[in-house]
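# Structural overview for review
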Amino acid sequence: MSNVIIAETKNGQLHPSTAELVTAANSLGGGITIVIPATSDSASATASSIMGVDKVITVIADCFSSYDASSWAAAIDAVAPAGNLILTASNDSKDLGARIAARRGMPIVQNVISINNGELTSPVYSGKALVTVSLNGNAVVTIRANTFAAADEGGSAVSSVVNQSADVGCAVREMIAKANARLDVSEANIIISGGRGMGGPENFAQLESIADVLGAAVGASRAAVDAWDGIGHGMQVGQTGKTVNPNLYIAVGISGAIQHLAGMRSSKYIVAINKDAEAPIFQHADYGIVATWEEVLPSLKAELESLLN
Amino acid sequence: MPNIVVLVKRVPDTNAKITVSGGSLDLAAVKFVTSPFDEYAIETALRHKEANGGTVTALTLGNDACDKVLKDAKALGVDNLVRLWSEGWENLDSNGVQSALASAISDLGSEVVYCGKAAADSNAGSTGPGVAERLGWASVSNASTVSFEEAGVEAMIPSSSGQARVGLNFPCVVSLDKGEMEPRRPNVRGIMMAKRAVVEVISADAPTPTVNVIRYSPPAEKPPGKTYEGAGNVSSVVQALRNEAGVI
């Protein structure tokens, strides 16, 4: 059996999730090739040094300068060997995986969190159940970040470069930069989120100042996003927002509606701050503080500053 | 004028309790609804028709229980209702679902397809891009707003640096995120029309599944956490995050 990892890059560097994909591929068994779609050969050395990798192929194409589903699928399909294809379960890689799967007439299994004896498990129904499937043939598999341990360094895989071209399907007309440089919730290891209990959008400044201390992203519940213009949908965590999987999720003034839990329940550690001791969020929290945010946030910021600065 | 197809899926209400027993799901007591992101797809399809004319066909894959979500779409203003189904399709994998949908869309003569970015049950998000690839069409996923042009659409999608405004020519598939738009609610006339609406049932070929469900299981239970009364305990929590959890 052969496993082909389609890696992501960021600013020319290999995305750290690639080493987690190697661990996932190892649990499927068989050889491992990493394919890197890129505009230059700047990420291959890092990929070659991951233990357990046999081969690295960097595919260089103009279309890889910005994400476009159809051209990426065509260019990668032309180069990637046959076998299981393994990608990270990010927005773009889930989309790309689905296109390549369809191109090769293969099924896709998304959001895998564990692999045992060839059986793959993913959360479904907003994390209220897990489904375990078996593969009778090759499949495309996307792996949730932060669920498999990263493979060690120390490998020395053979590396090659292939030039490829493909027609672009969607033309970028304008790139619109984020209003601020703040980290996106889907990229963050630590997230601090506010809900309706924050009282108003102006009070999110307090969450932002704590986020700055932690290097965290600021999220919000749907109730907050819907109620207040200043809180954008890009910040929304939950059923109709983003699904996140950080090491630490701090929920402030969020009651813990089932739709919010859908987006964050798989976080490694959850801290809940709420004045209502009966709020359902406390049932899912590793650490809860029953108090108003007005009381908690200033001392939380001070404690974190003295610990981290 | 555009021949617009919107894909809809019947899923358990996101408020519903999902019961797992003996490795299977028990959905008998669960209320089923249109998947939430599909509501944004329906809204976009209707706005497209209102802007440029044409027809909107709601298409689903499923047994006759799925007629309800098609009729709900009719109540909102969709023109035609088509349900795709064959005996033995209970356990199709993504390969089967996409093959069947792509063949139906091709038969319908559509040039633009809208769908939700992911279904609320699987949260996979494979259908839009997978169907597009099988048809050889362009696609974008997670669009927050769509505007309509003579020969294509323009969509706002997330990018690594913020957002991108992208243009696609017909034929294309666009999957919808929540965005800024508010999906319309049905009016009395729409509900009356939906009652009389006819669902056309069609079939297609679909490959035998190679991904097979072995079992469902409940999510792993977390050990109960520690809850502290009062803001005076912030220090204890911060210390625990450092020393027990090791996350800061």
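Residues numbered from 1 in each chain as written. Chains lettered and ligands numbered in written order. Predicted model: local features only at pLDDT ≥ 70, side-chain atom pairs only at ≥ 80, totals over all residues. Heavy atoms only, no water.

In this section: the overall build of chain B. The secondary structure content of chain B amounts to six helices and 16 strands. Excluding contacts between residues fewer than 6 apart, the proportion of contacts in chain B whose partners are at least 24 apart in sequence is 70%. In the structure as shown, chain B presents an accessible area of about 10900 Å², 49% of it carried by carbon and sulfur atoms. Side-chain charges in chain B split into 23 positive and 28 negative, and the spacing between the mean points of these groups amounts to 6 Å. (Helix = DSSP H or I, 4+ residues; strand = E, 2+ residues; numbered from the N terminus. Contact = heavy atoms within 4.5 Å. Areas by Shrake-Rupley, 256 points an atom, 1.4 Å probe, with all protein chains shown as cover. Lys, Arg positive; Asp, Glu negative; His and termini not counted. Charge placed at Lys NZ, Arg CZ, Asp CG, Glu CD.)

On to the sheet that holds strand 14 (residues 190–194) of chain A. Pairing within the open sheet is parallel, and its six strands lie in the order 15(A)-14(A)-16(A)-17(A)-18(A)-16(B). The sheet terminates laterally at strand 15 (217–220) of chain A together with strand 16 (226–229) of chain B, the two strands that pair on one side only. Strand-to-strand twist in this sheet, taken as the mean axis angle between neighbours without regard to direction, amounts to 15°. Where strand 18 (residues 287–290) of chain A meets strand 16 of chain B, four bridges bridge the pair, whose relative direction is parallel. Bridge pairing in strand 16 of chain B places G288 of chain A opposite T227 of chain B. Contacts between helix 5 (residues 204–214) of chain A and the sheet are confined to strand 14, strand 15 and strand 16 (248–252) of chain A, with strand 14 of chain A contributing the most and set at about 175° to the helix. (Pairing = 2+ DSSP bridges. Axes fitted to C-alpha atoms, helices over the stretch in contact; angles between N-to-C directions.)

A sheet is described by the order of its strands in space; here four strands give the open sequence 13(A)-12(B)-11(B)-10(B), paired in antiparallel fashion. In the strand order of this sheet, the two ends are held by strand 13 (170–177) of chain A together with strand 10 (145–148) of chain B, each with one partner. The sheet shows a mean angle of 20° between the axes of neighbouring strands, taken without regard to direction. Where strand 13 of chain A and strand 12 (residues 162–169) of chain B come together, seven bridges link them in antiparallel fashion. Note on strand 12 of chain B: the bridge partner recorded for A177 of chain A is G162 of chain B.

So, on to the nonpolar core. Among the nonpolar cores identified, the biggest contains 39 residues, and F204, V252 and L300 of chain A are the most heavily contacted of them. Residues in contact with L300 of chain A, not counting those within four places in the same chain, are I210 and I273 of chain A together with V234 and V238 of chain B. (Core = buried A, V, L, I, M, F, W, Y, C linked by side-chain atoms within 4.5 Å. Buried < 20%, exposed > 50% of the residue type's maximum accessible area, 1.4 Å probe, protein only.)

Counting buried positions along helix 4 (residues 127–135) of chain B yields seven of nine residues, so the element is predominantly enclosed. All of the buried residues in helix 4 of chain B are G128, P129, G130, V131, A132, E133 and L135 of chain B. Packing partners of the buried residues in helix 4 of chain B comprise helix 3 (69–77) and helix 4 (91–103) of chain A together with helix 3 (94–108), strand 8 (112–116), strand 9 (138–143) and strand 13 (172–176) of chain B. Immediately downstream of helix 4 of chain B, the backbone of G136 of chain B shows phi near 75°, a positive value.

This part is about empty space enclosed by the protein. If you walk through the whole model with that rule in mind, you get two cavities of 30 Å³ or more. Counted as a void, the largest cavity has a volume near 50 Å³. Lining the largest cavity we find Y125, S126 and K128 of chain A together with P12, D13, T14, I18, A120 and D121 of chain B. Residues of the lining of the largest cavity, tallied by class, amount to four nonpolar, two polar and three charged. Its volume calculated, the second largest cavity comes out at about 40 Å³. Lining the second largest cavity are I250, V271, I273, I289, V296 and L300 of chain A together with V237 and L241 of chain B. Elements with a contribution of two residues or more to the lining of the second largest cavity: strand 17 (269–274) and helix 8 (293–308) of chain A together with helix 6 (234–245) of chain B. Its residues placed into classes, the lining of the second largest cavity shows eight nonpolar, no polar and no charged. (1 Å grid on protein atoms, 1.4 Å probe; cavity = no way out; pocket = protein on both sides within 12 Å on 5 of 7 lines; lining within 4 Å. Points joined across faces, edges and corners; volume = space filled by probe spheres on them. Nonpolar A, V, L, I, M, F, W, Y, C, P; charged D, E, K, R; others polar.)

The subject of this paragraph is the pattern of salt bridges. Counting across every chain of the model gives 26 salt bridges over all chains. Of the charged contacts in the structure, one is a salt bridge between R165 of chain B and E154 of chain B, with a shortest N-O distance of 2.8 Å. One end of the pair, R165 of chain B, is in strand 12; the other, E154 of chain B, is in strand 11 (residues 152–159), and 11 residues separate them in sequence. With a relative accessible area of 14%, E154 of chain B lands in the buried category. One network of salt bridges, in which partners are shared, links D77, R99, R103 and R104 of chain A together with E133 of chain B. (Salt bridge = Lys/Arg side-chain N within 4 Å of Asp/Glu carboxyl O.)

A word on the domain arrangement of chain A. All names here are of chain A. Parsing chain A into structural domains produces domain 1 (2–163) and domain 2 (185–308). For domain 1 versus domain 2, the distance between C-alpha centres works out to 31 Å. Contacts between domain 1 and domain 2 engage nine residues on the former and 11 residues on the latter. It is S126, R144 and N146 that lose the most area in domain 1 upon contact with domain 2, and together they represent 64% of the buried surface on that side. Applying the counting rule to domain 1 against domain 2 returns one salt bridge. Its salt-bridge partner being K10, residue E187 comes within 3.3 Å of it at the nearest N-O pair. On inspection of domain 1 and its partner domain 2, the count reaches six residue pairs in polar contact (both at pLDDT 80 or more). Classifying every residue of the side of domain 1 that touches domain 2 by side-chain character gives one nonpolar, five polar and three charged. (Domains from an automatic or database assignment. Buried area = accessible area lost by both parts, 1.4 Å probe. Polar contact = N/O pair within 3.5 Å; in protein donor to acceptor, adjacent residues only side chain to side chain.)

Take the pairing of strand 15 of chain A next. Along any regular strand, the residues point their side chains to alternate faces of the sheet. Residue and element names in this part refer to chain A. Residues of strand 15 alternate between two faces, with A217 and G219 on one and V218 and A220 on the opposite face, all of them buried. By the bridge criterion, four bridges tie strand 14 to strand 15 in an arrangement that is parallel. Along strand 15, the bridge assignment pairs S193 with G219. This β-α-β element, strand 14 to helix 5 to strand 15, shows right-handed connectivity. (Right-handed = clockwise from strand over helix to strand, strands pointing away.)

Right, let's talk about the interface of chain B and chain A for a bit. If you look at the interface, chain B gives 82 residues, while chain A gives 83 residues. Of the roughly 6700 Å² buried where chain B meets chain A, counting both sides, 54% is carbon and sulfur surface. Where chain B touches chain A, the interface holds eight salt bridges. With its nearest N and O atoms 2.7 Å apart, the salt bridge here joins R165 of chain B to E174 of chain A. In this structure, the connection of chain B to chain A is made through 39 residue pairs in polar contact (both at pLDDT 80 or more). Sorting elements by how many residues they give to the side of chain B that touches chain A places helix 6 of chain B first, with nine residues. Residues of the side of chain B that touches chain A, tallied by class, amount to 38 nonpolar, 27 polar and 17 charged.

The final tally for this structure, using the stated rule, is four aromatic pairs over all chains. Both rings, one in W85 of chain B and one in W89 of chain B, keep their centres 6.1 Å apart while their planes meet at 85°; by these two values the pair is edge-to-face. The two residues W85 of chain B and W89 of chain B agree in class, both being buried. These aromatic residues form a ring-pair network of at least three members: F64, Y67 and W72 of chain A. Sitting above the plane of the F32 of chain B ring, R10 of chain B keeps its charged end 3.8 Å from the centroid. (Phe/Tyr/Trp six-rings, centres within 6.5 Å; stacked < 30°, edge-to-face > 60°. Lys NZ or Arg CZ within 6 Å of the ring centre and 35° of its normal.)

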